[in-house]
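Read off the chains here:
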Amino acid sequence: MKAKMKHQQVRTTYTHLDALMASPDHPLPQAKRLHQLTRMWGGLASLESSPEPYHDDWRVCSDAVNLMETLVDMGVCEDSSGLLQDAVSALAIAGARHIEKNVPIRLDGPGMLAVRAILEDYAAVLEQIPARTAIMAHIKTERRVQEILRGKRKPHDIKLSPA
């Protein structure tokens, strides 16, 4: 008799119902944008200067970069700074170095500049795109991250191995 494997339920930020109910014309409510961006900017500040940045600081910056990558892939916006891939690489290198050497998660100088530029681009885009589009990008991004974690990667995907 084969044992049945349970699929672990992954909690998502938004559902498709959230997307359907969201405005097709207006941006996310200011409070939601402010909450999300405050966490992302705080994460970057911690990666830049905190003696012991938390994993969550790295994660919220990675979320912003991944969301921006999804929006670019969706054709919603362009990588106006030209630094999207640099930001992806900088965060991957910082995460890998943290895992491999058990050192604080840190970005190098160019990495800080790239991630900061992408966060600025993301903040600008988030103020302009409809809430429905922002939520669909969030859903697609979370789905893609879960695929990567399950081993379903595309050639350009970066996966960090757990310690």
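Before reading on, note that the structure itself is shown above.
Right, let's walk through the structure included here. (Residues numbered from 1 in each chain as written. Predicted model: local features only at pLDDT ≥ 70, side-chain atom pairs only at ≥ 80, totals over all residues. Heavy atoms only, no water.)

## Some thoughts on the overall build of the protein chain
Rules: The numbering of helices and of strands both runs from the N terminus, where a helix is a DSSP run of H or I of at least 4 residues and a strand a run of E of at least 2. In this scheme, a residue with accessible area under 20% of its type's maximum is buried, one over 50% is exposed, and one in between is partly exposed, where area comes from a 1.4 Å probe on protein chains only. What makes two residues a contact is simply this: any of their non-hydrogen atoms within 4.5 Å. Each accessible area is a Shrake-Rupley estimate made with a 1.4 Å probe; only the visible protein chains count as cover when residues are assessed.
Within the protein chain one finds 6 helices and 0 strands. Along the protein chain, helices and strands appear, N-terminal first, in the series α-α-α-α-α-α. By the burial criterion, 37% of the 163 residues in the protein chain qualify as buried. Look at the contacts in the protein chain between residues 6 or more apart in sequence, and 72% of them connect residues 24 or more apart. Accessible surface computed for the protein chain: about 10,400 Å², of which carbon and sulfur atoms make up 56%.

## Focus: a nonpolar patch on the surface
Here is the rule we go by: What goes into a patch is any residue over 30% in relative accessible area without a salt bridge, connected to like charges within 9 Å or, for nonpolar side chains (Val, Leu, Ile, Met, Phe, Trp, Tyr), within 5 Å. Salt-bridge detection follows one rule: a side-chain nitrogen of Lys or Arg within 4 Å of a carboxyl oxygen of Asp or Glu.
A grouping of Leu17, Leu20 and Met21 is seen on the molecular surface, where their side chains present a nonpolar patch of about 390 Å² in accessible area. Position of leucine 20 relative to the elements: it lies in helix H1 (residues 16-21).

## Focus: the pattern of salt bridges
This model, assessed by the stated rule, comprises 5 salt bridges. Of the charged contacts, one joins arginine 116 and glutamate 48 as a salt bridge, the two residues approaching to 2.9 Å between their closest N and O atoms. A residue pair is termed long-range when its members are at least 10 positions apart, and arginine 116 in helix H5 (residues 109-128) and glutamate 48 in helix H2 (residues 30-49) qualify at 68 residues. Taking the relative accessible area as the measure of exposure, arginine 116 reaches 30% and is therefore partly exposed. For aspartate 56, the salt bridge is made with arginine 59, and the minimal N-O distance between the two is 2.6 Å. You can see aspartate 56 and its partner arginine 59 sitting in helix H3 (residues 55-73), 3 residues apart, about one turn around the helix.

## Thoughts on the packing of helix H4 (residues 84-101) against H5
Definition in use: Angular values range over 0 to 180 degrees, each being the angle between N-to-C directions of two axes fitted as lines to C-alpha atoms, with helices fitted over their stretch in contact. Should an angle fall under 35 degrees it is taken as roughly parallel, and over 145 as roughly antiparallel, whereas 65 to 115 is taken as roughly perpendicular and any remaining angle as oblique. Helix crossings get a hand from a simple test, with the near helix turned counterclockwise from the far one by less than a right angle marking a left-handed crossing and a clockwise turn marking a right-handed one. Here the term charged refers only to Asp, Glu, Lys and Arg, the term nonpolar to Ala, Val, Leu, Ile, Met, Phe, Trp, Tyr, Cys and Pro, and the term polar to all other amino acids, Gly among them.
As a packed pair, H4 and H5 sit with axes 8 Å apart at the nearest point and diverge in direction by 125 degrees. With respect to H5, the axis of H4 lies oblique. At the point where H4 passes H5, the crossing takes the left-handed sense. For the pair H4 and H5, contact is made by Leu84, Asp86, Ala87, Ala90 and Leu91 and by Gly111, Ala114, Val115 and Ile118, respectively. Class assignment for the residues of the contact of H4 with H5 results in 7 nonpolar, 1 polar and 1 charged.

## Some words on the environment of arginine 11
Topologically, arginine 11 is positioned in the segment before H1. Relative accessible area serves as the criterion here: at 81%, arginine 11 is assigned to the exposed category. As a C-alpha pair, arginine 11 and glutamate 142 span 131 residues in sequence and 9.6 Å in three-dimensional space.

## Let's talk about the packing of H3 against H5
The N-to-C vectors of H3 and H5 enclose an angle of 60 degrees; their axes lie 9 Å apart at closest approach. With respect to each other, H3 and H5 are oriented oblique. Once H3 is placed against H5, the crossing between them reads as left-handed. In this structure, H3 uses Cys61, Ala64, Val65, Leu67, Met68 and Leu71 to contact H5, whose residues at the interface are Val115, Ile118, Leu119, Asp121, Tyr122 and Val125. Counted by class, the contact of H3 with H5 contains 11 nonpolar, no polar and 1 charged residues.

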